[in-house]
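Survey of secondary and tertiary structure
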Amino acid sequence: PRAAAAFLICLTLSLALSVQSFILGTQLLAPSPKSAKVRRQATGLSMGHYDPSLQSVQEAHARIKDHIHLTPVMTCGAIDRMAAGEEGEREFLFKCENLQKVGAFKFRGATNAVCKYVEAGGKGPLVTHSSGNHAQALALAAKQAQMPAIIVMPDNAPKVKVNAVKEYGATVVPCKPILTSREETANKVLAENPGSILIPPYDHPDIISGQGTLALEFLEQVPGEKLDALIVPIGGGGMLSGCCIAAKGIQPGIRIFAAEPMGADDAARSFASGEWVPQTNPQTCADGLLTSTGKITWPIIKDHIEDVITVSEEEIIEAMRIVFMRMKLVIEPSAAVGVAVAMSGKFKALKGINRVGIVLCGGNVDIDRLPWVK
């Protein structure tokens, strides 16, 4: 009887661990549009209710705050004057995520996802696809968790980002610079590495909640009067959707604007049409904003933003030069997109905006190939 009882206990524990492993493996996989729709129906969620929430963002911040930098908020009088609105001079405040670990906000989401995975008993290997910043973020988060990481990166990713990923100890697998190729290559890597798990670059609640922590900090760090508006660059939408949830949760009246390159304007086209439009052939120097918005990120974004404002390559490069020269900060083109939007005629014409927050999302740029150097 004792032997039989011990056998049953062992069997029960084994089944429990198997179920837990299965749950871990599926929770971190970005759901397909169909599965996302089924989940909303099954849980009774309606428009305006999402898996990421202000509470999940706050919990993420408590989880990762000892692993990340509290990045500074800076100002620049020159940009205040250059980007003055039609109603007069504005005050711009910059959340400097270019000074975050790995040089970008992406470390927040990757750290949150990996920490949750470790807390639940996960062992890896960790797999993702990324144009660079999430790749570096996951590589470092995996290194800190003492797990192997395999990163799928576009073959046109900046050399500085590829080298950084390798320096953190991750394996890099190249792919073509379009979302379908990234996903197909990542799936092949998963199939070739039993036990591996995908940590998506943006379209997952744990990633979104982690990215939203920057907005929590931003609103707390702003001195004096509240921000009237927030400008956030958009690629896959993990950062923007997280910022929407956090900022609107704390300050419902804040006006949020998505900043996007004209050469990668799927969010602008989606917002204008009212239907999700995929990215197909992006052409921009802002290499961190090449992906389509996600099936989880886009509904959050379209329900919270006021507009998507696009800017040209010339405007992006000029904004990047201005930040280098006037703020003495190293930023990448993707971060300059938000500054370019602030300086655009469309944003200057908006009424009722005096204090504006801009997220400088990253600073990983090849200094030997600056876009204004011919």
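As the structure is a computational prediction, the values presented were derived from the model and not from experiment.

Rules used throughout
- Along every chain, residues carry numbers that run from 1 in the direction the sequence is written.
- At least 70 in pLDDT is required for a residue's local features to be given in this predicted model, at least 80 for side-chain atom pairs to be given and counted, and no such filter applies to totals for whole chains, interfaces and linings, which use all residues.
- Only heavy atoms go into the side-chain values, all of them from the structure, while hydrogens and water stay out.
- At least two DSSP bridges between two strands are required for those strands to pair.
- Numbering of helices and strands runs from the N terminus; a helix is a DSSP stretch of H or I covering at least four residues, while a strand is a stretch of E covering at least two.
- We call two residues contacting when some pair of their heavy atoms lies within 4.5 Å.
- For helices, the axis comes from a line fit to the C-alpha atoms of the stretch in contact; other axes are also lines fit to C-alpha atoms, and the angle between any two N-to-C directions lies between 0 and 180 degrees.
- With the strands aimed away from the viewer, a crossover counts as right-handed if its path from the first strand over the helix to the second runs clockwise.
- A pairing counts as a salt bridge when a side-chain nitrogen of Lys or Arg comes within 4 Å of a carboxyl oxygen of Asp or Glu.
- Each residue is placed in one exposure class: buried if its accessible area under a 1.4 Å probe, protein chains only, is under 20% of its type's maximum, exposed if it is over 50%, and partly exposed if it falls in between.

**A short note on the sheet that holds strand E6 (residues 197-198)**
- Here we have four strands laid out as an open sheet, ordered E5-E4-E3-E6, and parallel in their pairing. The open sheet has two edge strands, strand E5 (171-175) and E6, and neither has a second partner.
- Strand direction decides the pairing type here: strand E3 (residues 126-129) and E6, joined by two bridges, are parallel. Note that in E6 the partner of Val127 across the bridge is Leu198.
- Where helix H8 (residues 179-192) meets the sheet, it contacts E3, strand E4 (149-154), E5 and E6, and its direction lies at approximately 165° from that of E3.

**Observations concerning the pairing of E5**
- In this structure, E4 lies alongside E5, joined through five bridges in parallel fashion. Along E5, the bridge assignment pairs Met153 with Pro174.
- As a crossover connection, the stretch from E4 through helix H7 (residues 159-167) into E5 is right-handed.

**What to know about the pattern of salt bridges**
- Going through the model one piece at a time under the given rule, you end up with 14 salt bridges.
- Residue Arg108 is joined to Glu217 by a salt bridge in which the shortest nitrogen-to-oxygen separation is 2.7 Å. Of this pair, Arg108 sits in helix H5 (residues 106-119) while Glu217 is found in helix H9 (residues 205-221), placing the two residues 109 residues apart along the sequence.
- For Arg108, a relative accessible area of 0% translates into the label buried.
- A relative accessible area of 3% means that Glu217 is categorised as buried.
- Of the charged contacts, one joins Lys161 and Glu332 as a salt bridge, the two residues approaching to 3.2 Å between their closest N and O atoms.

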